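Descriptive structure summary
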Amino acid sequence: MKMENYEACIGFDLCETPLSTVAQKIMSAMRSGDLMDSRNEGESTKKSKVTKKSSVHYSVLAEHEKNQLLETKNPESLTTLTPRGPIELSPQPSITNLTCQLSAGQVQNSISSLCLSSYLIPQCDQEALLLQNMEHKRKHFLKEDIGKEDMDSLNFKRKYITCSNSPEKANKHTALVKDTGGMESWPNSEDTRALGKKLYDVRYLGDLAKVQLMDALKQAAALVVTLMYKDGSTQLSTKQALTCPVKGIVVLLKSHAGSSPVNLPAHGGALGKDFTCTDHCIYIHTEHSPFWDPKQEAHSLFVRNILFWTLRCKCPVVCFNAKDFVRTVLQLYGEDGSWKHVAGFVGLDPRVAAWLIDPSDTAPSFEDLVAKYLEKSITVKPSSKFSDASRNIVSQNVCVNMKILYDLTMDLCSKLKAYGLWQLFCTLELPLIPILAVMENHRIPVDKEEMERTSALLGARLKELEQEAHFVAGEQFLITSNNQLREILFGKLKLHLLSQRKHLPRTGLQNQLSTSEAMLNSLQYLHPLPKLILEYRQVHKIKSTFIDGLLAYMKKGSISSTWNQTGTVTGRLSAKHPNIQGISKHPIQISKPQNFKAKEEETITISPRTLFVSSKDHTFLAADFSQIELRILAHLSGDPELLKLFQESERDDVFSTLTSQWKDIPIERVTHMDREQTKKVVYSVVYGAGKERLAACLGVTVLEATHFLERFLQKYKKIKDFAQTVISQCHSAGYVTSILGRRRPLPRICAQNQQLRAQAERQAVNFVVQGSAADLCKLAMIHIFTAVATSPTLTARLVAQIHDELLFEVEDPQVPEFAALVRRIMESLQQVQTLELQLQVPLKVNLSVGHSWGHLAPLQETVGSA
DNA sequence: GCGGTGCCACTTTGG
DNA sequence: TCCAAAGTGGCA
C-alpha cells in the first residue's frame, strides 16, 4: 500500500486528545503563516477549490501510512486548510476538524490532478473509454458465461434455498455484518465464499479494512449501486416507497474474475465457476444523526470519498434509476458548485436501456425487466406454482438482486447493440442522467405571497362566475360536472337544436354531445351560459393547477420538478410535481371581483410564469429552437419550398411569413393569435389532420378547410411523399427511427382495423419528426452542460427544459458570455461530425432574458467581441 | 355510509 | 381519424 494510491486530501479531528502529531504540525504551521487558511479566502475562490470535494480521513490511514505522512511532511507540502465540522452551528466558530491538501509534488494522484484530468478528457474520449470498458467487460462476461448457464441456474436455486431457510428470511432483508470490534482486514476469497448475500456495513470496518476497501473499489471491474430506503426497501423492490427517505447505499464490487490467483479456487469445482465468491457487497449508511460527533464525521468523510469515487470512476457503474442515486449523493454531499463533479458520470441504467428498446412501457419495475429481458435466469410465470417463490428471489436479498441487476444490464446492453441503439444510449441518454439529477437538485424561487393573493382573487372570481351560471341556467348545478352541464345545455335548453352546425363535437367513447371548448364556442351566441362556463374553466384551471397546485409542491419558497427520462414514447422528457412544461404561458384577463376594491383597474392580468423569479444577482436566460420540428421536416422531406423558407428568410419568423402569405395580409399586421393559429394549422396538416378537425381549428366551414388543405399540400408537395415513405418503411420494418436512431415500434401498423392502422401511420410520421427534435434538444442540453462543467468560470444552471426551450439561471455578469456560448452550441448542432449529423437547414435560436419567467425580453447581444 | 381506485373528459403545454 | 405529455375533477 503506497501513498500514491490515495487522494491527497486528509481530514483530521482536532477534538481528539491527544492531538495527533501531524495535526499538531499543521496547527503550528498555520499559526506561523506557512500554511494558507482557506477560511480567509473569498467565496469565489472557495467555490472553485476541489479540496473539499473528496478527502480521506486521517483515521482511515493505516499505521505505517500515518508514519509515512509524518515523515514526508514539512509545512510547505501543505497548501490549504479547510475547516470542517459544525462550524455553522456554533456562534463562536472553533476549528474542530481540518482537511489539508498535499501539494501535487508530494502525492502523484492528488485530488486536484485527478479532478482536472477527468474534466479535461473531452466528452467523446470518455465515451470511447466507456465503450472500451464495456466491450472488455462484455467479452469477458460472455466468455465466462459460455457453457455454464445450467450451472448458474443451479446456483440461483441453491441460493434461494439457502436464503429461504436461513434465519435471515425473518429479517426480510440481507443481514448486515456488524462486527462491533471493527473488522481489521478486508475479507479475502476464503471468507467470502459464504458471504454471497451478506452486506459489509462500512461503519464497522477497521482502518485497514477501509483502506483495502478503497483499493478494491478502485480495482473493481464494475460497480452495481442501489439506494436503500428507511423502510428497508431498495430501488429494486417492487413496492418501492414513493417518498421514503434514503437510509444508505448498497454497492456491489464486481472483481475481475481470475485477475488474482488467490481468488481462483481449484479448477472444475462448482464453486470455482460461481463468480460471486470474489464479489463484495457493501452497505454505506448515509443517514446523519441530528447531533455531531467526531466518529460520525470521520465516517461521513469516508462515505463521501467512496460515493464521489463511484461517480467519476472509469469502470462501468450499473444502477437501476441512476438519476436518483446521483441526486441522493448531491443532496448528501453536494455543496455549491460541486454539481460539476458529477457532470461526467455515466451510469448504466437498465431502465433507460429497456425504454430505448421499447419506449411504450414507461415505468417497468426491476422485477418486470428481469421477467422480460433476463434470458438465463428464473422466468416468472404467473400461473406457475413457483411464481411467488420466484418473485421472492427478486425482492428478498439485496446482494442476490444486485447480481441479477448486473446480468440484466449486460443482457440489455447487448440487445441495445443488436438494435443499433448503443450509440444513442451512450452519447445521449446516459450523459443526460446526471444533468437531470442536477436539475432536480436545484430549486427555483417562487413568489409565495403573490401566489396566495392570486389564489384568493381567483377564488372570489370563481364564486361570482358560478352564481351567474346558476342564474342564467335557472337552477343550481355542479358547474364542474360535464354530465350535469350536458343535461342543462342539451336536455333543458336544447341549444344543439338551435345551432346551425351539422356536425357537433361528440365525446369519444359514449358518443354523447361534447361540452368541450369547441362546442361551447359554437354555442356562445345562443345563450349566455356557454361563455360563462368557458371563463369558469379557464380561471378554475389556472387556480387549481398552476396556483394552488404549485403551492402544494412548494418548500421554503421554491419548487423543483421531477424529470422523467423514460416517460414518453417519442424520446421527449416529461416533468411532474409540478409539471413545469405545462404551466400557462399566455396571461389571462379576469374582471375584478366585486369585493376586491383595492385596485382601480377593472380587469386584472394573471400569468403563472411571472411567479417564477430568479435568485438574487441572477437572471433567467431562455434559449429556444425556433420552429424546430418544421425545420426537421424540411430537412427530412427535402421539400424545396419548405427548405427555401428556412434557407432564404432566416431573419423572419416562419409562422408569421406563412400567416401573411395565406391570409394575404402584410407581415406587420400578423397578430400573436394569428401566428399561434397558423402554427397549430401547419402542424395539424403535416401530421395528417382531417378536414373536419381543421375546420374546427380554424373556425371555418368544412369546405373552406378542404380548400386550404389542398392548397397547402400542393405547395409543399414533398411532405406527402415523405409521409408515404415513412409509412411504407414502418409497414415493412414494424418500427420507425429518428434522426439519431431512436426507435418506436408500431405493431398496429399492420392492424386489420382501419382506424387503428391509420392512427399508427400518423404516429409513425409524427414520431420521426418529434423524436428527431427531441434528440436535438437533448444533445443541446448535454453540450451546454458539459461546456459549463468544464469551464473554470461559468456557473449557469439549467433550471428547466420545455421541449424546445432551455431555461437557465445565470449570474448577472456572466449573461453575455454564456448567451454567446449557448447560441453557438445550439446552432452548431446543424452538423455534428461524430454522430454523422448534417441538416440541410440552419437551426435558429431565440434568446431572451429577465428576472421573471413570465417577463422575458429578447436579449440584446453585443456583437463583434472576440 | 365512507374511502380508495381506475377511467373519462377537459384543460394546459410543446411541436 | 394531427402527435406527444401532466393535472384536475367527476363518476362508477
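Residue positions are given per chain, counting from 1 as you read along its sequence in written order. Chain letters and ligand numbers both follow the written order, the letters beginning at A and the numbers at 1. Local features are withheld for residues below a pLDDT of 70 in this predicted model, meaning they are given only at 70 or higher, and side-chain atom pairs are given and counted only at 80 or more; totals for whole chains, interfaces and linings count all residues. For side-chain calculations, the full set of non-hydrogen atoms in the structure is used, while hydrogens and water are omitted.

On to unusual backbone geometry, then. Across the junction of His 577 and Pro 578, the peptide omega takes the value 0 degrees, indicating a cis bond. The way it works is that DSSP assigns letters per residue, a run of H or I at least four long becomes a helix, a run of E at least two long becomes a strand, and they are numbered from the N terminus. In this structure, Pro 578 sits in the loop between strand S16 (574-576) and strand S17 (588-591). Phi angles above zero are rare outside glycine, and Asp 664 is one such case at about 55 degrees. Inspection of the secondary structure puts Asp 664 in the loop between helix H25 (654-663) and helix H26 (672-686). Partly exposed residues are those whose accessible area sits between 20% and 50% of the maximum for their type, while under 20% is buried and over 50% is exposed, using a 1.4 Å probe and protein chains only. Among the residues examined, Asp 664 registers a relative accessible area of 67% and is labelled exposed. In this structure, His 803 takes a positive phi of about 60 degrees despite not being glycine.

Below, the discussion takes up the pattern of salt bridges. Salt-bridge detection follows one rule: a side-chain nitrogen of Lys or Arg within 4 Å of a carboxyl oxygen of Asp or Glu. Per the stated rule, a full pass over the model turns up 24 salt bridges. Where Glu 440 meets Lys 323, a salt bridge forms, and the shortest distance between an N and an O atom there is 2.6 Å. Note that Glu 440 is positioned in helix H17 (residues 422-441) and Lys 323 in helix H12 (residues 322-333), a separation of 117 residues in sequence. Residue class for Glu 440 comes out buried when judged on its relative accessible area of 8%. For Glu 440, the salt bridge identified is with Arg 327, shortest N-O distance 2.4 Å. Within this pair, whereas Glu 440 is found in helix H17, its partner Arg 327 is found in helix H12, the two being separated by 113 residues in sequence. Across the pair, exposure class does not vary: Glu 440 and Arg 327 are buried alike.

Around DNA strand B lies a shell of 29 residues, among which Lys 541, Lys 679, Tyr 683, Tyr 687 and Asp 804 are the nearest. Each residue is tested against the molecule or strand, and it is near if at least one of its non-hydrogen atoms lies within 4 Å. For DNA strand B, the backbone makes up 80% of the atoms found within 4 Å of the protein, where backbone means sugar plus phosphate. Counting of polar contacts relies on pairs of N or O atoms within 3.5 Å, with two restrictions inside protein: one atom must be capable of donating a hydrogen and the other of accepting it, and residues adjacent in sequence are counted only when both atoms are side-chain atoms. One of the side-chain nitrogen or oxygen atoms of Arg 537 is found 2.8 Å away from a phosphate oxygen of DNA strand B. Here Glu 629 contributes a backbone N or O atom positioned 3.2 Å from a sugar or linking oxygen of DNA strand B. In this count, Pro and Cys sit with the nonpolar residues alongside Ala, Val, Leu, Ile, Met, Phe, Trp and Tyr, while Asp, Glu, Lys and Arg are called charged and the others, Gly among them, polar. Class assignment for the residues of the surface near DNA strand B results in 6 nonpolar, 14 polar and 9 charged.

With that out of the way, let us pick up the packing of aromatic side chains. Working definition: a ring pair exists when centres of Phe, Tyr or Trp rings (six-membered ring for Trp) sit within 6.5 Å. Plane angles under 30 degrees give stacked, over 60 give edge-to-face, the rest tilted. Taken as a whole, this structure holds 11 aromatic pairs when the rule is applied. Ring geometry for Phe 808 versus Phe 818: centroids 4.9 Å apart, planes at 80 degrees, classification edge-to-face. Residue Phe 808 is located in strand S23 (residues 805-811), and its partner Phe 818 is located in helix H31 (residues 815-827); the two are separated by 10 residues in the primary sequence. Across the pair, Phe 818 and Phe 808 agree in class, each one buried.

So, on to the protein's contact with DNA strand C. As a structural note, the neighbourhood of DNA strand C is formed by 33 residues, with Thr 480, Ser 481, Asn 579, Gly 690 and Gln 755 the closest of them. Counting only atoms of DNA strand C within 4 Å of the protein, the fraction found in sugar and phosphate groups is 77%. Taking Ser 481, its side chain carries an N or O atom lying 2.5 Å from a phosphate oxygen of DNA strand C. Contact distances for DNA strand C include 3.4 Å between a sugar or linking oxygen and a backbone N or O atom of Ala 689. Those elements giving two or more residues to the surface near DNA strand C turn out to be helix H22 (528-552), S16, H26 and helix H30 (754-790). In terms of residue count, the dominant contributor to the surface near DNA strand C is H30 (7 residues). For the surface near DNA strand C, the residue count by class is 6 nonpolar, 21 polar and 6 charged.

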